Structures are given as structure tokens and as C-alpha cells.
Amino acid sequence: MENGGSKGDVPEDANAHCPGTQSEEAGKADSCAGCPNQQICATAPKGPDPDLVAIAERMATVKHKILVLSGKGGVGKSTFSAQLSFALAEMDHQVGLLDIDICGPSIPKMLGLEGQDIHQSNLGWSPIYVESNLGVMSIGFMLPNPDDAVIWRGPRKNGLIKQFLKDVDWGEIDYLIVDAPPGTSDEHISIVQYLQATGVDGAIIVTTPQQVSLIDVRKEINFCKKVGVPVLGVVENMSGLRQAFSDLKFLKPGATGETDATEWAMNYIREKAPELLSVVACSEVFDSSKGGAEKMCHEMGVPFLGKVPMDPQLCKAAEEGRSCFVDQRCSASAPALKSIIRKLIKTG
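Residues numbered from 1 in each chain as written. Predicted model: local features only at pLDDT ≥ 70, side-chain atom pairs only at ≥ 80, totals over all residues. Heavy atoms only, no water.

**Some thoughts on the pattern of salt bridges**
What counts here: Take a side-chain nitrogen of Lys or Arg and a carboxyl oxygen of Asp or Glu: if they are within 4 Å of each other, that pair is a salt bridge. Under the scheme used here, helices are H or I runs from DSSP no shorter than 4 residues and strands are E runs no shorter than 2 residues, and both carry numbers assigned from the N terminus. Burial classification: accessible surface area is computed with a 1.4 Å probe over protein chains only, and a residue below 20% of its type maximum counts as buried, one above 50% as exposed, and the rest as partly exposed.
This structure, assessed with the given rule, holds 12 salt bridges. With its nearest N and O atoms 3.5 Å apart, the salt bridge here joins D51 to K162. In this pair, D51 is assigned in helix α2 (residues 51-59) and K162 in helix α5 (residues 154-167), connecting sequence segments 111 residues apart. Judged by relative accessible area, which is 25%, D51 ranks as partly exposed.

**What about the packing of aromatic side chains?**
We count it as follows: Stacked, edge-to-face and tilted labels apply to pairs of Phe, Tyr and Trp rings (six-membered ring for Trp) whose centres lie within 6.5 Å, assigned for plane angles under 30 degrees, over 60, and everything in between, in that order.
Within this structure, the stated rule accounts for 3 aromatic pairs. Measuring from centroid to centroid gives 6.0 Å for W125 and F164, while their planes differ by 70°, and the two rings are edge-to-face. Residue W125 is located in strand β4 (residues 124-126), and its partner F164 is located in helix α5; the two are separated by 39 residues in the primary sequence. Classification of W125 as buried rests on a relative accessible area of 11%.

**Thoughts on the layout of surface pockets**
Stated precisely, the cut-off is as follows: Buriedness of a pocket was judged along seven lines, with at least five required to meet protein on both sides within 12 Å; pockets are open sets of points on a 1 Å grid over the protein atoms alone, cavities are sets where a 1.4 Å probe fits but cannot get out, and lining residues have an atom within 4 Å of a point. Grid points are joined across faces, edges and corners, and a volume is the space filled by probe spheres set on the points. Asp, Glu, Lys and Arg are counted as charged, while Ala, Val, Leu, Ile, Met, Phe, Trp, Tyr, Cys and Pro are counted as nonpolar; the rest, among them Gly, fall into the polar class.
When its volume is computed, the second largest pocket comes out at roughly 430 Å³. Around the second largest pocket, the lining comprises 24 residues; the ones closest to its centre are P105, P108, K109, E114 and P146. Contributions of two or more residues to the lining of the second largest pocket are made by α4 (107-110) and α10 (312-320). Of the residues belonging to the lining of the second largest pocket, the class tally is 12 nonpolar, 6 polar and 6 charged.

**Overview of the packing of helix α7 (residues 211-227) against helix α9 (residues 292-300)**
The condition that has to hold: All axes here are fitted lines through C-alpha atoms, helices being fitted over the stretch that makes contact, and every angle between N-to-C directions spans 0 to 180 degrees. Take the far helix as your reference; a near helix turned counterclockwise from it by less than a right angle gives a left-handed crossing, and one turned clockwise gives a right-handed crossing. Any two residues having at least one pair of non-hydrogen atoms within 4.5 Å are treated as being in contact.
Relative to each other, α7 and α9 sit at 35°, their axes nearing to 11 Å. Here α7 and α9 pass one another in a crossing that is right-handed. For the pair α7 and α9, contact is made by L214, V217, R218, I221, N222 and K225 and by G292, A293, M296, E299 and M300, respectively. Looking at the contact of α7 with α9 residue by residue, the classes come out as 6 nonpolar, 2 polar and 3 charged.

**Considering the UniProt feature "binding site: ATP" (unreviewed entry) in the protein**
How we decide: UniProt positions are given in the numbering used here, feature names are shortened, and annotations may be inferred rather than shown by experiment.
When the UniProt feature table is mapped onto this chain, "binding site: ATP" (unreviewed entry) is found at G71, K72, G73, G74, V75, G76, K77 and S78. Structurally, V75 can be placed in the loop between β1 (62-70) and α3 (77-90). Excluding residues that lie within four positions of it along the chain, V75 makes contacts with S70, V206, T207, T208, S213, N237 and M238. Here S78 shows up in helix α3. In this structure S78 touches S106, I107, M110 and D179, once residues within four positions along its chain are discounted.

**Re the UniProt feature "binding site: [4Fe-4S] cluster" (unreviewed entry) in the protein**
Here the UniProt feature "binding site: [4Fe-4S] cluster" (unreviewed entry) sits at C18, C32, C35 and C41. Taken together, the annotated residues stretch across 24 residues yet fold into one region, lying no more than 10.6 Å apart by C-alpha. Cross-referencing the annotated residues with the largest cavity identifies C18, C32, C35 and C41 as lining it. Every residue in contact with C35, bar those within four places of it in the chain, is listed here: D13, A14 and N15. Note on placement: C41 falls in helix α1 (residues 38-43).

**Re the domain arrangement of the protein**
Under the convention used in this document: For every domain, the bounds stem from an assignment made automatically or drawn from a database. Simply put, the buried area is the total loss of 1.4 Å probe accessible area from both parts when two parts are fitted together.
Taken domain by domain, the protein comprises domain 1 (1-47), domain 2 (51-240 + 286-346) and domain 3 (242-283). Taking only C-alpha atoms, the centre of domain 2 and the centre of domain 3 are 37 Å apart. Across the boundary between the two partners, domain 2 contributes 8 residues, which contact 4 residues of domain 3. Carbon and sulfur atoms make up 51% of the surface buried where domain 2 meets domain 3, a total of about 360 Å² over both sides. For the interface between domain 2 and domain 3, the tally reads 0 salt bridges.

**Focus: the side chain of Q83**
The cut-off we apply is this: Pairs of N or O atoms are called polar contacts if they sit within 3.5 Å, as long as, within protein, a hydrogen donor faces a hydrogen acceptor (for residues adjacent in sequence, only side-chain-to-side-chain pairs).
By the secondary structure assignment, Q83 is in helix α3. For Q83, a relative accessible area of 1% puts it in the buried group. Among the polar contacts listed, one links the side chain of Q83 to the backbone oxygen of R322, at a separation of 3.2 Å. Filtering out sequence-adjacent residues up to four positions away, Q83 remains in contact with L314, R322, S323, C324, F325, L337 and I341.

**Structural notes on α5**
Filter applied, for reference: In this scheme, a helix's expected span is set at 1.5 Å multiplied by one less than its residue total.
Across its 14 residues, α5 extends 20 Å between first and last C-alpha, which sits within 8% of the 20 Å expected from 1.5 Å per residue. Here α5 has its buried residues at G154, K157, N158, L160, I161, K162, F164, L165 and D167. Looking at the buried positions of α5, the neighbouring elements they touch are α2, β2 (95-99), β4, β6 (134-138) and α6 (186-195).

What follows is the structure, encoded as C-alpha cells:
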């Protein structure tokens with residue numbers, strides 16, 4: 001599809017001959033009729049943005065900026081963002097985690113920061129700190145009630161993202177991890193435009209193995225290519241279930257329903273086959289028969305960073321807002337995540 005806008009300002013799903021989001025004709029030209037971005041483009045401010053200077057000054061103290069993206073929701077993107085931030089902080093890096101998922105901010109819970117409030121100083125908004133070298137910013141800290149729905153149109157979302165970049169005092173940090181909402185909509189266009197002048201290291205894209213997720217990941221990769229953001233790699237999350245045999249629950253089906261047979265089964269195993277208690281049970285939850293993310297990366301020419309198995313202990317760590325690396329409980333997922341993070345650090 002050919003578009004009329006300059007490289008980096010044409011949405012991935014734009015109509016042919018798109019004038020570009022920064023054009024005075026954006027949302028108004030004949031070619032804009034029927035485009036899903038028409039209303040956003042027509043109402044967004046055009047021309048040089050004076051706030052970009054303030055953003056550039058604020059981002060000058062940030063060495064590396066990494067976006068964490070996903071084509072669709074529910075693939076574990078925020079869990080990955082949280083654990084990536086924990087891991088980098090535990091490597092003695094200074095880390096900031098910015099949550100720009102305005103309508104679904106889950107980062108405060110995943111870092112154990114629910115109920116915290118943002119404070120202001122003469123330097124700007126202060127991040128909420130998990131540790132002295134791991135700060136977090138999210139709209140979740142601004143909601144009077146965590147159950148409140150954020151019902152905002154695009155321009156208001158974009159305004160808050162700009163304010164996060166312009167007003168949050170991160171200080172001198174090594175990494176700013178940006179947890180974005182799923183898809184390729186206005187938040188993604190905004191974060192890229194606001195950070196373009198300061199440089200973005202690239203994007204990590206999180207997916208699951210099944211085709212319904214990979215279809216959307218291909219769009220995410222094409223979005224990154226069109227807006228000039230390097231793809232650092234793709235992570236295949238929930239890549240099969242891995243669970244210690246001793247943690248399994250057993251049910252016995254019957255005419256009146258299911259009954260818990262865990263105690264009976266475990267006693268039987270201890271008596272007849274105790275060696276099974278040290279085995280890890282594996283199951284392919286999603287269909288990966290067509291090659292999963294690794295094959296898709298080969299076809300699209302982007303790096304494949306690795307697979308993270310579905311680990312109930314990792315889910316529990318996310319629910320409890322803690323790192324999966326501090327003990328041996330996440331024995332299936334923590335080594336996989338560490339391997340992926342080592343690749344990122346080495347590549348970077």
C-alpha cells in the first residue's frame with residue numbers, strides 16, 4: 001500500500017495515499033474517508049510540538065529506552081515488563097518502568113505497589129520506588145478507586161503519556177522500560193513520536209505460540225518497521241505448561257461430578273513410584289504445530305529471543321507483586337527469562 005505521508009507518521013492500517021499524521025490535511029483529506037484513524041488524526045495537534053523540547057531534556061538522563069509491545073491482549077506483556085525491570089534492577093542497573101496502558105494499568109499490582117500515590121517536587125513527578133534503583137510510573141497511582149474505569153478518548157490519553165515523559169523525574173537511569181497497551185493505536189503512535197528525537201533502542205514484542213496471536217504480532221512488527229523502531233526481538237510466552245509433578249492436583253470424574261483425588265494419588269505415587277515426585281510435567285496448552293513465534297521471526301527477518309513456559313509460580317509472583325528471580329520457586333520460567341534478558345543485554 002502506498003501512502004503520501006513521510007516515513008514514521010503513517011499508521012499501519014492507514015488508507016492508501018495517507019497524508020501523514022502531522023499533515024494539516026490529516027483526517028480531512030479525501031483519502032482519509034473511512035480510515036479507522038480519521039478522528040484521531042483530525043483532532044490531534046499538528047506541526048512542531050513545543051513539549052518535545054521538554055521531553056528531550058527529561059530523556060537526556062535516560063541511557064536506554066525499550067518498548068514492550070504485543071499484538072493482542074492477554075499474552076503476558078505486562079508480566080514480562082515487570083520481570084524484565086526486576087531483573088535489570090537486580091543486575092545493579094538504575095531502572096524506570098513506565099506504564100502507558102491507560103485503560104488497563106496492571107503494573108502497580110505486578111510490582112506490589114497498589115495503593116501508592118504520586119508525589120510532586122520542584123523537579124516534577126516522583127516515581128514510586130520498589131527498590132532504590134527501580135522506579136515506576138502509572139495512571140494506576142492516580143485512580144481514587146482501583147476499580148474505576150478510565151473512559152478517555154485518544155487526545156486525552158496522548159496528553160497523559162506526554163506528561164509522563166515530560167514531568168516525571170527519573171534522574172540518571174540506565175533503562176526506561178515502557179509497557180504499552182496491545183495493538184497499534186494512538187498510544188503507540190504518540191510514544192514513538194514523543195521519543196523519536198531522543199532515540200529509542202527498540203521494541204520487544206511478546207506473543208503466545210498460537211496463530212491467532214501471531215497474526216497480530218506480524219502487524220506489530222510491520223508497525224515498528226513503518227515508524228522506524230528497531231525490533232529487538234520476539235518473546236514466545238506461555239510456551240507450554242511446565243509444572244512440578246508434586247504440585248499437580250488430581251480429580252476423579254464420576255456420575256455426580258468430580259471429586260478431589262489429590263491426596264490419594266500423591267500417597268499412591270509416594271508408595272509405588274516416588275521418583276515421579278522429582279519430574280516436571282509438560283503440556284502443550286496452545287497449538288504450536290505451525291512453528292510458533294520462532295518460525296514467524298525467521299519469515300519476517302526479526303530476532304527470536306526465546307520461549308518462556310507457562311509457569312503457575314510465575315503467575316503467582318505477578319499476583320503477589322514480586323520478582324520471580326529471588327528464590328527457586330519459579331524453576332521453570334526464571335531460567336528462561338534470564339536467558340532472554342542476557343541476550344538483550346549482550347545485543348544492546
